[in-house]
Amino acid sequence: MPRSERSPLLLAGLLATAGVAHFAVPRQFDATVPRSLPGRPRTWTYASGVAELALAAGLAVPRTRKPAALAAAAFFVGVFPANVKMAVDWRHRPARQKAAAFGRLPLQIPLVLWARGVAKNAEGQA
């Protein structure tokens, strides 16, 4: 399978894994929900998990790949505030946890670019 065909499936796998994790261990995600959002953090955790699972499904199907990839790019931008909150909240934790929290911040950029690249490659495959 060529790299361009594997890429959307790998991104789908990443999103599916994250989506399942939101249901399997929701408490760790609840803690990253910005307090400014209305409602309970668990509701946002589950909604985010559902969104990730839906994006994964969309990426796995060639017919829906382009819109799902564009939505995934927007999703990665949209969850950035939660990653910032986690970094701020974890700034006094042990070095490994602090490094993990701050390390997530720049990872959003390649995730957005990856999703956009999947969308661009899907144009020629539709």
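Procedures and definitions
Residues numbered from 1 in each chain as written. Predicted model: local features only at pLDDT ≥ 70, side-chain atom pairs only at ≥ 80, totals over all residues. Heavy atoms only, no water. Helix = DSSP H or I, 4+ residues; strand = E, 2+ residues; numbered from the N terminus. Rg over C-alpha atoms; globule rule 2.2 N^0.38 Å. Buried < 20%, exposed > 50% of the residue type's maximum accessible area, 1.4 Å probe, protein only. Patch = residues over 30% accessible without salt bridge, like charges linked within 9 Å, V, L, I, M, F, W, Y side chains within 5 Å. Areas by Shrake-Rupley, 256 points an atom, 1.4 Å probe, with all protein chains shown as cover. Salt bridge = Lys/Arg side-chain N within 4 Å of Asp/Glu carboxyl O. Core = buried A, V, L, I, M, F, W, Y, C linked by side-chain atoms within 4.5 Å. Contact = heavy atoms within 4.5 Å. 1 Å grid on protein atoms, 1.4 Å probe; cavity = no way out; pocket = protein on both sides within 12 Å on 5 of 7 lines; lining within 4 Å. Points joined across faces, edges and corners; volume = space filled by probe spheres on them. Nonpolar A, V, L, I, M, F, W, Y, C, P; charged D, E, K, R; others polar. Phe/Tyr/Trp six-rings, centres within 6.5 Å; stacked < 30°, edge-to-face > 60°.

(A) The overall build of the chain, seen in detail. A count of helices and strands for the chain gives six helices and zero strands. When its helices and strands are written in sequence order, the chain yields α-α-α-α-α-α. Taking 126 residues into account, the globule formula puts the C-alpha radius of gyration at 14 Å, and the chain, at 15 Å, falls close to it. Taking the principal axes of the C-alpha coordinates as reference, the chain spans close to 45 × 30 × 25 Å. Residue burial in the chain is summarised as follows: out of 126 residues, 33% are buried.

(B) The arrangement of a nonpolar patch on the surface in detail. A cluster of nonpolar residues, Val20, Phe23, Tyr46, Val50 and Leu53, forms a patch on the protein surface that exposes about 410 Å² of accessible area. The set of elements that each furnish at least two residues to the nonpolar patch consists of helix H1 (3-24) and helix H3 (41-60). By residue number, the principal contributor to the nonpolar patch is H3, which donates three residues. Inspection of the secondary structure assignment puts Leu53 in helix H3. According to the relative accessible area criterion, Leu53 is partly exposed, its value standing at 34%.

(C) Summary view of the nonpolar core. Within the largest apolar cluster, 17 residues are counted, with the highest numbers of intra-cluster contacts made by Leu11, Leu15, Leu59, Ala72, Phe76 and Ala115. Elements that contribute at least two residues to this core include exactly H1, H3, helix H4 (65-78) and helix H6 (95-123). It is H4 that contributes the most residues to this core, six residues altogether. Once you skip the residues sitting within four places of it in the chain, Leu11 turns out to touch Leu59, Phe76, Trp114, Ala115 and Val118.

(D) Structural detail: the layout of surface pockets. By volume, the largest pocket amounts to about 730 Å³. Lining the largest pocket are 28 residues; nearest its centre among them are His22, Glu52, Val79, Asn83 and Arg104. Elements that contribute at least two residues to the lining of the largest pocket include exactly H1, helix H2 (26-30), H3, H4, helix H5 (80-89) and H6. With five residues, H3 is the largest single contributor of residues to the lining of the largest pocket. Tallied by class, the residues present in the lining of the largest pocket amount to 18 nonpolar, eight polar and two charged.

(E) Looking closely at the side chain of Thr32. Within the secondary structure, Thr32 sits in the loop between H2 and H3. Every residue in contact with Thr32, bar those within four places of it in the chain, is listed here: Ala82, Lys85 and Met86.

(F) Representation of the packing of aromatic side chains. Counted by the stated rule, this structure contains two aromatic pairs. Aromatic side chains Phe75 and Phe76 sit 6.2 Å apart centroid to centroid with 65 degrees between the ring planes, which places their arrangement in the edge-to-face category. Look at Phe76 and you get buried, because its relative accessible area is 6%.

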